[in-house]
Amino acid sequence: MVTGRAVVIGASGQIGRAAVRALARDGWEVRAASRRGGRDESWPGEVRSVAVDREDDAALAGLVGEGCDVLLDCVAYGAEHARQLAGLADRVGSAVVISSGAVYEDERGRGFSTLGTPEGAPVYPVPIPESQRTVAPGEGDYGARKVALERALLAQGARLPITLLRAVAIHGPYSPLPRELHFVKRVLDGRRVRVLAYGGRCRFHPVHVENLAEMVRLAARRPGARVLNAGDPQAPTVAEIAVAVDAAMDAPMSEIVTVEGPPPSADVGDTPWSLPEPVVYDMTAAERELGYRAVTSYEASLPGTVAWLADRVRGRDWRAVFPLLARHSGETLFGYAAEDRWLAGRGA
């Protein structure tokens, strides 16, 4: 039984691959659009793949054609993309748009953009509700652009019912910024010690791509105008993640050395989850609005993630495999020499 017509923008990315699969399995007739086209091997045969440049208004209008019941946009940023989607409102039944948890700021106006600045890291309530204040909209940093996108889309009101999903720390195969590589590569390189700042207690709420796809599937069936956090059932600590990666790779348990307070240096003790204060999202609204129940957990999904990562980087330069991650982290992600010096000095 066909549920309706669905259009997915950004179908070849990490989120799009899983969302197309979830929608197709749920009975939607899916048109999967990406810049180069192409198919994921897991998609059912009836999924139609098309090449579309989402920056081209005419191409985007052609993709929607005479209309669709639901449109998923995995790659929308800023007010300009909101304008594009609003221009299609008369031909779209409802939309689901991927936003970000990076939109939040604390009561002192600090957000993710103030990390490492004199203003300091944000201190959020635990867990963070969707009503938490957000940064000012703009076209500057990532969070500001996402807020501009959200506000412009929510202004459409009943004209275009939109579900905005605020996700961070997305994990699973096909990630261009795989945080888990921090520990996976250490296992492959035979590193037996994990130096963790802030006592190893850092929590940065992840969401597995299959859980995010499940939220997309549910939102497609239950249109509405709303903003929802997207997260896994639990937010593990960075120390728990280190232990879980060892277990998933069937490796001996590493020695964990904790540092109370910030990393001793940029390449010692820092990880992609290392924040001085916890970032944990309240998921009760998604449960209430969508009937959301996670389809997997962090630990249950980890073997698939680490197997994909290990296969990608084994015997290769990780920077060539994940150039976006290399640009973000520079040489500090695997600063083994500095780590060894620090450990030697600590032992002395």
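Residues numbered from 1 in each chain as written. Predicted model: local features only at pLDDT ≥ 70, side-chain atom pairs only at ≥ 80, totals over all residues. Heavy atoms only, no water.

Novice: Help me out: how do you make sense of the overall build of the chain in this one?
Specialist: When helices and strands are tallied, the chain shows twelve helices and eleven strands. Projected onto its principal axes, the C-alpha coordinates of the chain cover approximately 70 × 45 × 35 Å. Looking at the chain as a whole, 56% of its 348 residues are labelled buried. Sequence-distant contacts in the chain: of pairs separated by 6 or more residues, those separated by 24 or more amount to 75%. Summed over all atoms, the accessible surface of the chain reaches about 14900 Å², with 50% contributed by carbon and sulfur. Taken together, the 41 basic and 44 acidic charged side chains of the chain have centroids lying 2 Å from each other. (Helix = DSSP H or I, 4+ residues; strand = E, 2+ residues; numbered from the N terminus. Buried < 20%, exposed > 50% of the residue type's maximum accessible area, 1.4 Å probe, protein only. Contact = heavy atoms within 4.5 Å. Areas by Shrake-Rupley, 256 points an atom, 1.4 Å probe, with all protein chains shown as cover. Lys, Arg positive; Asp, Glu negative; His and termini not counted. Charge placed at Lys NZ, Arg CZ, Asp CG, Glu CD.)

Novice: What should I look at first to understand the packing of aromatic side chains in this one?
Specialist: The geometry of an aromatic ring pair is captured by two quantities: the separation of the ring centres and the angle between the planes. On inspection of all chains with the given rule, the structure shows nine aromatic pairs. Among the aromatic residues, those joined into a ring-pair cluster are Phe112, Tyr124 and Phe204. It is Arg17 that lies over the ring of Tyr174; its NZ or CZ is 3.9 Å from the centre. It is Arg191 that lies over the ring of Tyr336; its NZ or CZ is 4.3 Å from the centre. (Phe/Tyr/Trp six-rings, centres within 6.5 Å; stacked < 30°, edge-to-face > 60°. Lys NZ or Arg CZ within 6 Å of the ring centre and 35° of its normal.)

Novice: Would you mind going over the sheet that holds strand E3 (residues 48-51) with me for this structure?
Specialist: Working definition: the strands of a sheet are paired by backbone hydrogen bonds and lie parallel or antiparallel to each other. Judged by pairing direction, the sheet is parallel, and its seven strands sit side by side in the order E3-E2-E1-E4-E5-E6-E10 without closing on themselves. Two strands close off the open sheet at either side, each with one partner strand: E3 and strand E10 (226-230). Shown here is a sheet whose adjacent strand axes are inclined to one another by a mean of 20°, direction ignored. As paired strands, strand E1 (residues 4-9) and strand E2 (residues 28-34) are joined by six bridges and run parallel to one another. Note on E2: the bridge partner recorded for Arg5 is Glu29. Across the sheet, helix H4 (residues 142-154) touches strand E5 (92-100), strand E6 (162-167) and E10, and the angle it forms with E5 is around 160°. (Pairing = 2+ DSSP bridges. Axes fitted to C-alpha atoms, helices over the stretch in contact; angles between N-to-C directions.)

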